[in-house]
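# Observations on the model geometry
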Amino acid sequence: MKEFIIRDGKKLRLGYTTGSCAAAAAKAAAWMLLSGSKKESIRLLTPKGMELALAVEDIYLSPDCVRCAIRKDSGDDPDITRDTLIYAEVRKTETVGIVIDGGQGVGRVTKPGLDQPVGAAAINSVPRRMIQEAVEEVCGLLGYTGGLYVVISAPDGETLAKKTFNPRLGIEGGISILGTTGIVEPMSEQALVDTIHVELRQRRAGGADYVLLAPGNYGVDYIKGAMGIDPATAVMTSNFIGDALEICRELGFRGALLIGHIGKLVKLAGGMWNTHSRYGDCRMDILTACAAAEGLQGGAAEEMLCCATCDDALRLLKEQGLYDAVLHRLAGRIDDMMHYKCSDIETGAILFSKEYGYLCETKGASKLLRRIKED
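What you are looking at is a predicted structure, and each value in this text was computed from that prediction instead of being measured. (Residues numbered from 1 in each chain as written. Predicted model: local features only at pLDDT ≥ 70, side-chain atom pairs only at ≥ 80, totals over all residues. Heavy atoms only, no water.)

This next bit is on the sheet that holds strand S18 (residues 357-361). Taken in spatial order, the five strands of this open sheet run S15-S14-S16-S17-S18, and their pairing is mixed. Only two strands of the sheet have a single neighbouring strand rather than two, namely strand S15 (234-236) and S18. Pairs of neighbouring strands in the sheet enclose a mean axial angle of 30°, with direction left out of account. The sheet contact formed by strand S17 (residues 346-353) and S18 spans four bridges and is antiparallel. Opposite Ser353, over in S18, you have Gly357 as the bridge partner. (Pairing = 2+ DSSP bridges. Helix = DSSP H or I, 4+ residues; strand = E, 2+ residues; numbered from the N terminus. Axes fitted to C-alpha atoms, helices over the stretch in contact; angles between N-to-C directions.)

So, in structure tokens, the structure goes:
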């Protein structure tokens, strides 16, 4: 594809996700199986609304099965799956419907709390829907009403997965098939920080002394649903929480309140001010340390270290009777780190999870929230 975006004055080429590769390969394989004719290129409409025209590679044709591949192109974004071949194999089945599974090099979920249930192939929800819709489109065009079995594979996936967090998350045997828009946009960190700076400067120029910060959409949804606050009140920080706090201090804000998912904000207790996973993942280490300080011992501590998600760790804390104590300790640790980072402005944080809702807050958070509502 040749679409571009401009970031930091640079022209950067867009790419497409492993999910788009899987859906396009499945669509091409289904077409060849049901039509009996070879197809060396395929078009795919992504969830972002952009249409891709992709070359189909390594085609294998037989009366009962078709297998082919799409080569991953991440554009100008650094990505370990660049140039990887993502395969789809499609077979007819006697049972009506489309069944999607993972093959060689596609990971398998072994721990709860991820996008897919334990035992399922690590093909996330949006790519699954893309594959389903692409294959259904072909069935409709060719008048096929029977069943199809679709297997997605990535021969290099097991090796590539060792360079990702998949093993730690409990995804074994390969990579995940990912993507929510189908398109990979090259990221410029400075451009994102500059955007945060502009929005905070606008708030300050408008007379705001206190500001609400949220790392992402989960925080915005929580602010709207659980707190009844207009989500437009919050400034989105993405992973750049430390930069956002420093900008608040630089611009003369009197206080900043951070509201976010525990999966992001737990990292602040370890002094991680950019919470992107590429810089590290200390979530379970921090939670286990806090739990150990409250009496968690032996096998339970080992189990917590192996949890794939914070919700899974919270479940364990409930079982051990340490839920409230550990969250109180965690909030205190975050409070200490935020004051160390920005001692000359008031700071606070409120943590929640999708499964358990409100979790905890730092000691100054409620006062800051009242002031933001009044500001």
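Having seen the structure, we can now continue with the description.
As a further point, take the sheet that holds strand S7 (residues 65-71). Within a beta sheet, neighbouring strands are joined by backbone hydrogen bonds and run either parallel or antiparallel to one another. The strand order across the open sheet built from five strands is S6-S7-S8-S11-S9, with neighbouring strands paired in mixed fashion. A strand with exactly one partner marks an edge of an open sheet, and here the two such strands are strand S6 (57-61) and strand S9 (97-102). Averaged over all pairs of adjacent strands, the angle between their axes in this sheet comes to 15°, without regard to strand direction. Pairing of S7 with strand S8 (residues 85-93), which is carried by seven bridges, proceeds in the antiparallel orientation. Paired with Cys65 across the two strands is Arg91, which belongs to S8.

Our next topic: the layout of surface pockets. Which parts of space are left empty comes out when a probe the size of a water molecule is rolled across the atoms. The space that makes up the second largest pocket amounts to roughly 200 Å³. Forming the walls of the second largest pocket are Lys27, Arg43, Leu44, Leu45, Thr46, Pro47, Glu51, Arg129, Met130, Glu133, Ala134 and Glu137. At the level of elements, strand S4 (41-45) and helix H2 (125-142) are the ones that each hand at least two residues to the lining of the second largest pocket. Considered class by class, the residues forming the lining of the second largest pocket number five nonpolar, one polar and six charged. (1 Å grid on protein atoms, 1.4 Å probe; cavity = no way out; pocket = protein on both sides within 12 Å on 5 of 7 lines; lining within 4 Å. Points joined across faces, edges and corners; volume = space filled by probe spheres on them. Nonpolar A, V, L, I, M, F, W, Y, C, P; charged D, E, K, R; others polar.)

Counted by the stated rule, this structure contains two aromatic pairs. Summarising the aromatic geometry, the rings of Tyr222 and Phe352 are spaced 4.2 Å apart at their centres and angled 0° between planes, so their arrangement reads as stacked. With Tyr222 in helix H6 (residues 217-225) and Phe352 in strand S17, the pair connects residues that are 130 residues apart, well separated along the chain. Among the residues examined, Tyr222 registers a relative accessible area of 12% and is labelled buried. Judged by centre distance (6.0 Å) and plane angle (55°), the rings of Tyr323 and Tyr356 are tilted. You can see Tyr323 sitting in helix H12 (residues 323-341) and its partner Tyr356 sitting in the loop between S17 and S18, a full 33 residues away along the chain. Across from the ring centre of Trp31, 5.0 Å away, lies the NZ or CZ of Lys39, which sits over that ring. (Phe/Tyr/Trp six-rings, centres within 6.5 Å; stacked < 30°, edge-to-face > 60°. Buried < 20%, exposed > 50% of the residue type's maximum accessible area, 1.4 Å probe, protein only. Lys NZ or Arg CZ within 6 Å of the ring centre and 35° of its normal.)

Let us look at the pattern of salt bridges. Summed over the entire model, instances satisfying the criterion amount to 18 salt bridges. A salt bridge links Glu89 to Arg91, with the nearest nitrogen and oxygen atoms 3.1 Å apart. (Salt bridge = Lys/Arg side-chain N within 4 Å of Asp/Glu carboxyl O.)

The subject of this paragraph is empty space enclosed by the protein. Scanning the model with the defined rule gives one cavity of 30 Å³ or more in all. Of the pockets and cavities examined, the largest cavity occupies roughly 40 Å³. What lines the largest cavity is Arg168, Leu169, Asp281, Arg283, Met284, Cys307 and Ala308. Elements supplying a minimum of two residues to the lining of the largest cavity: helix H4 (166-169) and helix H9 (283-293).

So, on to the nonpolar core. If you look at soluble globular proteins, the nonpolar side chains tend to sit buried side by side. Formed by 55 residues in total, the largest nonpolar core has its most connected members in Leu200, Leu213, Ile262, Leu287, Leu330 and Leu351. Per-element accounting of this core gives the leading share, eight residues, to H12. Apart from the residues lying within four places of it in its own chain, the contact partners of Leu287 are Ile262, Val266, Met304, Cys310, Ala313, Val326 and Leu330. Among the nonpolar cores identified, the runner-up in size contains 48 residues, and Ala26, Leu52, Ile70 and Ile86 belong to it. (Core = buried A, V, L, I, M, F, W, Y, C linked by side-chain atoms within 4.5 Å. Contact = heavy atoms within 4.5 Å.)

Glancing now at the pairing of S7. Sheet faces and side chains relate simply in a regular strand, where the side chains alternate between the two faces. For S7, a buried count of five out of seven residues is recorded, marking the element as mostly surrounded by other parts of the structure. In terms of strand pairing, S6 meets S7 through three bridges, oriented antiparallel. Bridging across to S7, Tyr60 finds its partner in Arg67. Hairpin connection of S6 to S7: three residues between the antiparallel strands.

If you check which residues of helix H7 (residues 241-251) are buried, you get Ile241, Gly242, Ala244, Leu245, Ile247, Cys248 and Leu251. The first or second residue beyond H7 is Gly252, which carries a positive phi of 90°.

Attention shifts here to the side chain of Thr347. Locating Thr347 in the fold gives a position in strand S17. Accessibility expressed as a relative area gives 3% for Thr347, which makes it buried. Not counting chain neighbours up to four residues away, the residues in contact with Thr347 comprise Leu245, Ala256, Asp335, Met338, His339, Cys342, Thr362 and Leu368.

That is the geometry; function is a separate question.
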